[in-house]
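# Structure at a glance
As a plain string of letters, each chain reads:
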Amino acid sequence: MNVNGEPVSADVEPRTLLVHFLRDDLGLTGTHIGCETSYCGACTVIVDGRTVKSCTMLAVQADGSDVTTIEGLAADGELHPVQEGFWERHGLQCGYCTPGMIMSAVGLLTENPNPSEEEIRHGIEGNICRCTGYHNIVRAIEYAAAKMRGEAPAPAEWEEVTA
Amino acid sequence: MSTTSVLGGVVKRREDPALIQGTGLYVDDIKLPGMLYVAFVRSPFAHARITSIDASAALAMEGVEAVYTIDDVRHLGPVLAQVPIGKVRPLLADGVVNHVGEAVAMVVATDRYLARDAADAVEVDYEPLPVVVDLKEAATDAVKVHEDLESNILMTWEAGPFGDPDAMAETQRKIAEAKARDDTVVVSIEAVNQRLIGTAIEPRAVLADWNPGYGRFTVYSSTQIPHALAGAIAKTFGITYNDVHVVAPEVGGGFGLKLNIYNDEILVAFASQRLGRPVKYTESRRESPNSTIQGRGWIATATLVGTRDGEILGYELHGLCDMGAYSQNFTVAIPFLGVFVASGQYKFPTHVKLDCVATHTMTTDAYRGAGRPEAMYYLERVIDAYARKIGMDPAEVRRKNYIPADAFPAAVSPVGFAMDTGDYDKALDALVESDGYRQMLADRDRMRAEGKLVGVGLSTYVEVCGFGPSGLVDLGFSWSEYGAPAAFSGTGLVRVNPDSTVTVVIGTGPSGQGHQTTWSQIVSDQLGIPMERIRVIHGDSEESPFGIGTFGSRSAAVDGSATFEAAQKVRAKAAKIAAHLLEASEEDIQFADGGAFVAGSPDKTVSWEEIATVAYQPHRLPEGMEGGLEAHSIFSPANATWPFGAHAAMVEVDADTGDVRLLRYITVDDCGNVINPMIVDGQIHGGLAQGIGQAMFEEAVYDADGNLLTGSLLDYVLPTAADLPSFELHRTVTPSDINPLGVKGIGEAGTIGSAQTIVNAVVDALESLGVTHVDMPLRPKRVWQAIQDAKGGN
């Protein structure tokens, strides 16, 4: 399979989960495991253009696929607008759900470049965050959506100071 | 020119670049050469005698290195607990299991899948014993949780005020007298404050590596208390504190769940020592509810007596608190935190009595708020019921009974605790005078006229946090049981390096609170050195002087203050060096723009680079001055801090399905001074989601046999983004007077203030139907049933 644009190949046990293959075999530990039941979404990656919960997909099912993980999102040293949005709008605290949440947001914005708040909230309801109450995650995705449409993001709810 | 604006201003988080690119390092991300993996064999019974354990099939599997039972580890003693009242947990079940999921045997293997297979191959025979799960039943001692305990009631906390039996008797007499009067009303609510499974999205993980040459452990753990864990491991293994190095790298959510010493943390260390290889355990989500502490679990009756014009004459909170089968870190002390705030921000006589009861369930301990959400829930529910009964505005009733602002700084609560600062009217006024609240009330009336069931709920809260004072060590506020009898002081070390960068080392164990950012702001503000030249290290038992960890909304108030004082010391020494170099008087030295200058002579400057260089070239220092430029402070506050606030929620209830929709949520929180408003707001958002989660969705349900029916995330309902609105936050600022930053703490406030706000709103929505109480969580079935019962009953 191709992972973040690089071809990789390995022999794995048939029962090896994609998330374990990414983490243990490839050392891509940015994809996290939160529940092993497809519920929390911490393990979300993009497989052939679609968001997938990699804790309930076997590595062999991704044979020949293109897989993008959080490590492959920034291009040429530039943060992806969704990553930038999470930083700019305090869309994360502990950071554990964040890679999966970001990948889901990327998937959402690919399908719907101009989502309403309600559409954002439904779009990420397969990803659980226990720290942020989602408030700033929604702001982060709104920020990214505006950026990706080439518009200026709405101002933050605060004014930043510079050191 | 000045950089002081970084204190109190928003700066983006320094933690984030790694976390948004997947390069943050959590325990399960760490892989050491030769590392082995652990899986546990866990009990399917809530109470049973173990008649045999046969590990032969597991041991025969290639790659299985060991299977351990209590016989292998009994010599290490039980899991240490800071408040060891009740039965402390054996490292592995010792003859009898006492809750579903209790660890019976530990398998160590070369691969995580293999370890799981081998655990499944271990055969354990059980002989079931009687089980008690129901709190009221447990309190009768008809079934004992542990045969060798005198009673299932492990401890009773009573106050009104605390520690003064004569005054308490007087309080009870006054309340009884008020109840007997015929011009008073008595309102009583029996309510469940249900058990919760905290569910940090990172399951706990621990990796231990014994180095036989040095005779010491390195342990990576997803813990909030790395220093306490180092102490506990040292004490358990009979080695010294400085032979254990605990690192808490990125920690994926704490909420109190990781404020504990766990059997697996000791057992992986044991296995590593025995096998001579690094050993890792990562909890699965499925086992987590029964291998990580749960929270809440009270059933209590709140009774309030007052006049018909809103003067409250007395309040009683009497209840049972579920401790689970074994006592861990703080278990029986958690209800005591509820006692602290039992009388809230009010002045009326209060009597509180809480029994801590053992059951055949997983241990309960600190979960976000820990005792305080429970206490505020009962108080603010019954006050609301009283307001409804006498037909008074809920804000007005509260206002009428507050401890007045002029009672501070000498205010002492009716339950006997000195409070730092407070101005409760100010927060309540800010809420009820906000456009949002007015609009809520108007929208409620409009929607009701359209036939909808809509309610607005109000509640106010006070919390106690920022522990704490050294004087509380006698009440157990110390890590004495872990061989480290240190008070819960703050620790901060500030070091200016030879290149004039700064390294700050603190004793906290954060799990997403942004300490690197906040502490950079504190130090940058003091020294005038830009934040990007400041590095903050936390969560490391060797890097920092003994630290207490992160819990109880304590870090900023206590460790922040220590760091502030350390930075002041560094600044004072730097001023001496600058004065020496500029041949000026030390008093005239000021700092700005990356260095020091002489007041009134802005051209006489010396850079931080020069100051730092000279500090490390002692021959250039003033005579008698030591080399180096660093300082450490221990900050012991005179009191805990008492944040407060006022919340309002608007809900709509679907009469046909019982479905509750949260439409709006407005807060006014006062946590004293604010270091970074963005981070503080984020803490409130997250706290709200967990309080609202309790009110609307979450519940740990055990059946009568002690099986956890909500053990997976498919059954334990967590709030999703689609369940919550955007929150509307406001703030009042009443600085604390017990620390130099004037801060109080904000990690738990959102949770402490919110569950009762939601329930009050739902009761308001159902008022016209005659519903006066619905227990949490307000799932559709329960709300629908309450509506049916009210209709049928009336």
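Residues numbered from 1 in each chain as written. Chains lettered and ligands numbered in written order. Predicted model: local features only at pLDDT ≥ 70, side-chain atom pairs only at ≥ 80, totals over all residues. Heavy atoms only, no water.

### Some thoughts on the overall build of chain A
Each helix and strand counted, chain A has five helices and five strands in total. Beginning at the N terminus, the succession of helices and strands in chain A can be written as β-β-α-β-β-β-α-α-α-α. Projecting the C-alpha coordinates of chain A onto the three principal axes gives extents of approximately 50 × 35 × 30 Å. The burial tally for chain A puts 54% of its 163 residues in the buried class. For chain A, long-range pairs separated by at least 24 residues make up 59% of all intrachain contacts whose partners lie at least 6 apart in sequence. For chain A, the accessible surface area stands at approximately 6,600 Å², while carbon and sulfur atoms represent 46% of it. (Helix = DSSP H or I, 4+ residues; strand = E, 2+ residues; numbered from the N terminus. Buried < 20%, exposed > 50% of the residue type's maximum accessible area, 1.4 Å probe, protein only. Contact = heavy atoms within 4.5 Å. Areas by Shrake-Rupley, 256 points an atom, 1.4 Å probe, with all protein chains shown as cover.)

### Overview of the interface of chain A and chain B
Across the contact, 54 residues belong to chain A and 61 residues belong to chain B. When chain A packs against chain B, the two sides together hide about 5,000 Å² of surface, and 57% of this comes from carbon and sulfur. Put simply, chain A and chain B have six salt bridges between them. Note that R23 of chain A is salt-bridged to D28 of chain B, the shortest N-O span being 3.0 Å. Linking chain A to chain B there are 33 residue pairs in polar contact (both at pLDDT 80 or more). (Buried area = accessible area lost by both parts, 1.4 Å probe. Salt bridge = Lys/Arg side-chain N within 4 Å of Asp/Glu carboxyl O. Polar contact = N/O pair within 3.5 Å; in protein donor to acceptor, adjacent residues only side chain to side chain.)

### Some words on the sheet that holds strand β2 (residues 6-7) of chain A
All names here are of chain A. The strand order across the open sheet formed by five strands is β2-β1-β5-β3-β4, and the pairing between neighbours is mixed. For this open sheet the edge positions go to β2 and β4 (50-53), each flanked by a neighbour on one side alone. Pairing between strand β1 (residues 2-3) and β2: two bridges, direction antiparallel. Bridged to N2 within β2 is P7. Lying over the sheet, helix α3 (residues 98-111) contacts β3 (44-47), β4 and β5 (66-68), oriented at roughly 40° with respect to β3. (Pairing = 2+ DSSP bridges. Axes fitted to C-alpha atoms, helices over the stretch in contact; angles between N-to-C directions.)

### Describing the pattern of salt bridges
Across all of its chains, the model carries 57 salt bridges over all chains by this definition. The residue R121 of chain A makes a salt bridge to E117 of chain A at a minimum N-O spacing of 2.8 Å. On the criterion of helical spacing, the pair formed by R121 of chain A and E117 of chain A is a turn pair, its members being four residues apart in helix α4 (residues 117-123). Relative accessible area serves as the criterion here: at 29%, E117 of chain A is assigned to the partly exposed category. One salt bridge in this structure joins K280 of chain B and D28 of chain B, with 3.3 Å as the shortest N-O distance. Linking K280 of chain B in strand β12 (residues 279-282) with D28 of chain B in the loop between α1 (16-20) and β1 (36-42), this pair joins segments that are 252 residues apart in sequence. The structure contains a network of salt bridges with shared partners spanning E380, D384, R388, R398, R444, D445, R448, D764 and E767 of chain B.

### Concerning the nonpolar core
Across soluble globular proteins, nonpolar side chains have a tendency to be buried as a group. One finds F86 of chain A together with F340 and W479 of chain B to be the most contacted residues of the largest nonpolar core, which totals 228 residues. Ranked by residue count, the leading element in this core is helix α11 (residues 372-390) of chain B, at 11 residues. In this structure F86 of chain A touches G91, L92, T98, M101, I102, I137, A140 and I141 of chain A together with D16 and I20 of chain B, once residues within four positions along its chain are discounted. Formed by 34 residues, the second largest nonpolar core is a distinct cluster that contains V494, V570, I577 and I589 of chain B. (Core = buried A, V, L, I, M, F, W, Y, C linked by side-chain atoms within 4.5 Å.)

### What about the packing of helix α2 (residues 81-88) of chain A against α3 of chain A?
All names here are of chain A. The geometry of α2 relative to α3 is characterised by a closest axis approach of 9 Å and an angle of 125° between their N-to-C directions. When the axes of α2 and α3 are compared, the pair comes out oblique. Crossing of α2 over α3 shows right-handed handedness. Touching V82, Q83 and F86 of α2 are T98, M101, I102, A105, V106 and L109, all from α3. Residues that form the contact of α2 with α3 fall into these classes: seven nonpolar, two polar and no charged. (Parallel < 35°, antiparallel > 145°, perpendicular 65-115°, else oblique. Left-handed = near helix turned anticlockwise from the far one by under 90°. Nonpolar A, V, L, I, M, F, W, Y, C, P; charged D, E, K, R; others polar.)

### Details of the layout of surface pockets
A volume near 1,100 Å³ is recorded for the largest pocket. What lines the largest pocket is a set of 44 residues, among which E36 of chain A together with R116, S284, R286 and E287 of chain B lie closest to the centre. Elements that contribute at least two residues to the lining of the largest pocket include exactly α1 (18-25) of chain A together with β1, α4 (112-121) and β12 of chain B. Grouping the constituent residues of the lining of the largest pocket by class yields 19 nonpolar, 11 polar and 14 charged. (1 Å grid on protein atoms, 1.4 Å probe; cavity = no way out; pocket = protein on both sides within 12 Å on 5 of 7 lines; lining within 4 Å. Points joined across faces, edges and corners; volume = space filled by probe spheres on them.)

### Description of the side chain of T732 of chain B
Residues and elements named next belong to chain B. Tracing the sequence through the fold places T732 in the loop between β28 (728-731) and α19 (749-766). Separated by 2.8 Å, the side chains of T732 and D670 make a polar contact. If sequence neighbours within four positions are ignored, T732 has contacts with K426, A427, A430, F644, V668, D669, D670 and C671.

### Observations regarding the sheet that holds strand β27 (residues 660-670) of chain B
Residue and element names in this part refer to chain B. An order of β16-β26-β27-β28 is seen for the four strands of this open sheet, with the pairing classed as mixed. Two strands bound the open sheet, and with one partner strand each, they are β16 (453-462) and β28. Across this sheet, the average inter-strand angle for adjacent strands is 15°, counted without regard to direction. As paired strands, β16 and strand β26 (residues 644-653) are joined by 10 bridges and run antiparallel to one another. Directly across from V462, in β26, lies its bridge partner F644. Across the sheet, helix α14 (residues 435-449) touches β16, β26, β27 and β28, and the angle it forms with β16 is around 150°. Contacts between α19 and the sheet are confined to β16, β26 and β27, with β16 contributing the most and set at about 150° to the helix.

### Observations regarding unusual backbone geometry
Following G160 of chain B, the chain continues into P161 of chain B via a peptide bond in cis, with omega recorded as 0°. The residue after F467 of chain B, namely G468 of chain B, is reached through a cis peptide bond having omega -15°. Structurally, G468 of chain B is set in the loop between β16 and β17 (478-479). Although it is not a glycine, Y134 of chain A adopts a positive phi angle of roughly 70°. With respect to the helices and strands, the residue Y134 of chain A is situated in the loop between α4 and α5 (135-148). The buried category is assigned to Y134 of chain A, whose relative accessible area is 0%.

### Examining the domain arrangement of chain A
Residue and element names in this part refer to chain A. The domain boundaries assigned to chain A delineate domain 1 (2-72) and domain 2 (81-152). Between domain 1 and domain 2, the C-alpha centre-to-centre distance is 21 Å. Buried area between domain 1 and domain 2, both sides added, is near 1,100 Å², and the carbon and sulfur share of it is 63%. When residues of domain 1 are sorted by the area they lose upon contact with domain 2, H32, T44 and I70 head the list and together hold 40% of the total. (Domains from an automatic or database assignment.)

### Re the packing of aromatic side chains
Aromatic ring pairs are defined here through the distance separating the ring centres and the angle between the ring planes. All names here are of chain B. According to the stated counting rule, one finds 34 aromatic pairs over all chains in the structure shown. When the centroid spacing of 5.2 Å and the interplanar angle of 55° are considered together, the rings of F45 and Y126 count as tilted. Here F45 is found in the loop between β1 and β2 (48-54), whereas its partner Y126 is found in strand β6 (residues 123-128), with 81 residues between them in sequence. Residue class for Y126 comes out buried when judged on its relative accessible area of 17%. Here F340 and W642 contribute two aromatic rings whose centre-to-centre distance is 6.4 Å and whose plane-to-plane angle is 45°, an arrangement assigned as tilted. Placement of the pair is F340 in helix α10 (residues 334-340) and W642 in the loop between β25 (630-635) and β26, with a sequence separation of 302 residues. (Phe/Tyr/Trp six-rings, centres within 6.5 Å; stacked < 30°, edge-to-face > 60°.)

### Section: empty space enclosed by the protein
Residues and elements named next belong to chain B. The final tally for this structure, using the stated rule, is 10 cavities of 30 Å³ or more. Of the pockets and cavities examined, the largest cavity occupies roughly 780 Å³. Around the largest cavity, the lining is made up of 50 residues, and of these F551, G552, S553, R554 and G747 lie nearest the centre. Where the lining of the largest cavity is concerned, the elements lending two or more residues are α10, α15 (515-527), α16 (555-582) and α18 (677-696).

### A short note on the domain arrangement of chain B
All names here are of chain B. Domain parsing of chain B yields domain 1 (16-22 + 489-635), domain 2 (31-129 + 202-252 + 258-290), domain 3 (131-197 + 293-404) and domain 4 (423-467 + 641-794). Each partner contributes to the interface: domain 3 provides 39 residues, whereas domain 4 provides 49 residues. Between domain 3 and domain 4 lies a buried interface of about 3,700 Å² when both sides are counted; carbon and sulfur atoms form 54% of it. When the area that domain 3 buries against domain 4 is broken down by residue, the three leading residues are Q194, R368 and R388, summing to 19%. Across the contact surface, domain 3 and domain 4 share five salt bridges. Of the charged contacts, one joins R388 and E767 as a salt bridge, the two residues approaching to 3.2 Å between their closest N and O atoms. Where domain 3 touches domain 4, the interface holds 28 residue pairs in polar contact (both at pLDDT 80 or more). The dominant element in the side of domain 3 that touches domain 4, judged by the number of residues it contributes, is α11, at eight residues. Considered class by class, the residues forming the side of domain 3 that touches domain 4 number 20 nonpolar, eight polar and 11 charged.

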